[in-house]
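Examination of the molecular architecture
Chain by chain, the residues run as shown.
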Amino acid sequence: MENLFVGSAAGGSGDRVDAAAPIVATLIASGHPAALIFENLAERTLAFAQLAKRANPALGYEPLLDAELRPILADCIRHGIAIVSNFGAANPRGAAAHVFRLAAELGLEPPRVAVVEGDDLAGPEGESLLRPLLPPERAGQPFVSANVYLGAFEIAQALQQGAQVVITGRVADPALTLGPAIAHFGWGPQDWDRLAGATMAGHLLECGAQVSGGYFADPGHKDVPDLAGVGYPIAEIMADGSCVIGKAADSGGLVDLRTVKEQLLYEIHDPAAYLTPDVVADLSQATLVQVGPNRVRLAGVRGHPRPATLKALAYFEGGWLGEAEISYAGPNAEARARLAMEVVRQRMGATMPLRFDLIGAMSIFGDDDGRMLSQQPPGHLQDVRLRAAGRHDDQAEIDRLLREVYSLWLCGPAGGGGVRTAKRQRLSSTACLVPREAVRPTFIFAKP
């Protein structure tokens, strides 16, 4: 049986929308069976999607869906390249409706669009399932929604029944790649080694250009050619589940043993037991070999029976987040920024926990309580930006924080400028494990 080529055109929401075209061109030129994935979801992304859907029930899917698909939808349909993505987020059916509108605008016949469902545990039934599984401190918090991480077999079944586009909500990231592999090779749910191998191929693809030199790059230490034109990755998956990782043709970036090792171990708690909905992957005997320029082969991944539980993420009302910044420059700038920080702290009192950063002096290495900043002796920096951030259930208190920073412009200390303020509603989240039998994943074919 021919190998399957799977290209990754996104590693998160907001990723580059010009990434897909070079991948699709490479897949077409290969002449092999192929699929294209967009990995658009993270815990934070799904929280934003839930908020968008609450504000407008027609929204809640990937905001860049149109920009991602418009350049490549016609070519994918014409050449039989299946598109699989979790860009459905909190509203997969809404995303399907958008795909139909886009196809019509492009003069295409309505594609066969499948929607995977069962991950959404919102509503009284989902809350009653989750409440006993959550920590006690969540007992009094208003429940908003929850999503469980589904696996790959519903994706595979949809593809086997002719889907040209498969839209999911929350699935495990590697499932986007594993689903097409199951459909292509006809693997069963107990083909543990094959499932594990393709799961790790999906893991290598799920962060987009991270495996092809993007996040890897560190000038002078880990140089990457043409980072501005970094090519997104493509996995060539074999019938035994092993794979070769490459990238789009004639693109920048780098695929070598170092880039693949970094991504392979990314977010892996136990390399001998990487838990996913479909299989427990064991990397302890895996091998990596550079088989050509920008081509690395992964083999030897073993698989064990899938877990009895599935991960779920429950969302609760989280109040509001506000942040404001102001810059100080010139002689004594750091001292003026520190004085501004104390002014805001005194005027806000104990209303809410506040975080302060002195960007240029202490920010990334700082902590929410400000201990590291307080322990750092004042210096003589001449270019410092003060950031103040706070959380509160009452939007009016957040507005007061933003006004306090804004008022530093005139109320001093001297020379402040470039004020920027922002606020947004928050959802807080908690992960838990739910019994597999309590979740009923399925798929439907959407209608234009």
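Residues numbered from 1 in each chain as written. Predicted model: local features only at pLDDT ≥ 70, side-chain atom pairs only at ≥ 80, totals over all residues. Heavy atoms only, no water.

1. Quick look at the environment of E325
What counts is decided by this rule: Helix numbering and strand numbering both begin at the N terminus, where a helix is a DSSP run of H or I of at least 4 residues and a strand a DSSP run of E of at least 2. Partly exposed describes any residue whose relative accessible area lies between the buried limit of under 20% and the exposed limit of over 50%, with all areas from a 1.4 Å probe on protein chains only and scaled to the type maximum. Contact definition: two residues touch when any of their heavy atoms are within 4.5 Å. Distance and chemistry together define a polar contact, namely a pair of N or O atoms within 3.5 Å, with one atom able to donate a hydrogen and the other to accept it when in protein, and with adjacent residues in sequence counting only for side-chain atoms on both sides.
With respect to the secondary-structure elements, E325 resides in strand β14 (residues 309-329). Taking the relative accessible area as the measure of exposure, E325 reaches 11% and is therefore buried. Between the C-alpha atom of E325 and that of I359, which follows or precedes it by 34 residues, the distance is 9.6 Å. Sequence-distant contacts of E325, that is, excluding residues within four places in its chain, are made with I359, R385, L386, R387, V405, G418, V419 and R420. Reaching out from E325, the side chain makes a polar contact with the side chain of R385 at a distance of 2.6 Å.

2. What to know about helix α5 (residues 92-105)
Within an α-helix, residues lying three or four positions from one another point in the same direction, as the helix has 3.6 residues per turn. Selection rule: To estimate the expected span of a helix, count its residues, drop one, and scale the result by 1.5 Å.
End to end, α5 covers 20 Å across 14 residues, agreeing with the expected 20 Å (1.5 Å per residue, within 8%). Buried residues of α5: P92, G94, A95, A96, H98, V99, F100, L102 and A103, and no others. Each element contacted by the buried residues of α5 is listed here: α3 (65-69), α4 (73-78), β4 (113-117) and β6 (165-167). Phi turns positive one or two residues past the end of α5, at G107, with a value near 75°.

3. A look at helix α13 (residues 395-411)
Look at α13: 24 Å from first C-alpha to last across 17 residues, which is about the 24 Å you get at 1.5 Å a residue. Looking at α13, one finds that the buried residues are I398, L401, L402, E404, V405 and L408. Buried residues in α13 make contact with β14, α11 (333-348), β15 (354-359), β16 (383-392) and β17 (417-435). Two or three places before A396, at the start of α13, stands the capping residue D394, its side-chain oxygen 2.9 Å from that residue's backbone nitrogen.

4. Focus: the layout of surface pockets
Using the following cut-off: Grid spacing is 1 Å over the protein atoms alone, the probe is 1.4 Å, and a cavity is where that probe fits but cannot get out, while a pocket is an open set with protein on both sides within 12 Å along at least five of seven lines and lining residues have an atom within 4 Å of a point. Grid points are joined across faces, edges and corners, and a volume is the space filled by probe spheres set on the points. Charged residues are taken to be Asp, Glu, Lys and Arg, nonpolar residues to be Ala, Val, Leu, Ile, Met, Phe, Trp, Tyr, Cys and Pro, and polar residues to be all remaining types, Gly included.
Approximately 910 Å³ is the volume found for the largest pocket. Taken together, 34 residues line the largest pocket, and the ones lying closest to its centre are Y149, D173, E267, Y274 and K311. If you list the elements that add at least two residues to the lining of the largest pocket, you get β9 (274-275) and β14. For the lining of the largest pocket, the element with the most residues is β14, which contributes 3 residues. Of the residues assigned to the lining of the largest pocket, the class counts are 19 nonpolar, 6 polar and 9 charged.

5. Here's the deal with a nonpolar patch on the surface
Convention followed: Surface patches are defined over residues having more than 30% relative accessible area and no salt bridge, joining like charges when they lie within 9 Å and nonpolar side chains (Val, Leu, Ile, Met, Phe, Trp, Tyr) when within 5 Å. Here, Shrake-Rupley sampling with a 1.4 Å probe gives the accessible areas, and only protein chains in the shown set may cover a residue. The working definition used for a salt bridge is a side-chain nitrogen of Lys or Arg within 4 Å of a carboxyl oxygen of Asp or Glu.
Side chains of I364, F365 and M372 sit close together on the surface and give an oily, nonpolar patch of about 390 Å² of accessible area. By relative accessible area, which is 76% here, I364 ends up exposed.

6. Considering the domain arrangement of the chain
Which entries qualify depends on this criterion: Just so you know, the domain bounds were taken from an automatic or database domain assignment. By convention, the term buried area covers the 1.4 Å-probe accessible surface removed from two parts as they join, with the contributions of both added.
Domain annotation for the chain reports domain 1 (4-307) and domain 2 (317-429). Taken over C-alpha atoms, the centre of domain 1 sits 38 Å from the centre of domain 2. Contacts between the two partners involve 9 residues from domain 1, matched on the other side by 6 residues from domain 2. With both sides pooled, the region where domain 1 packs onto domain 2 buries about 730 Å², and carbon together with sulfur makes up 52% of that total. Broken down residue by residue, the surface that domain 1 buries against domain 2 is led by L51, R54 and R138, which jointly contribute 47%. Remark: the boundary between domain 1 and domain 2 carries 1 salt bridge. When the shortest N-O distance is used, the salt bridge between E317 and R54 registers 2.7 Å. The interface formed by domain 1 and domain 2 includes 4 residue pairs in polar contact (both at pLDDT 80 or more).

7. A short note on the side chain of E323
Assignment of secondary structure puts E323 in strand β14. Here R387 takes part through its side chain, which lies 3.0 Å from a polar atom of the side chain of E323. With near-sequence residues (within four places) excluded, E323 lies in contact with R387, A388, A389, L402, R420, T421 and A422.

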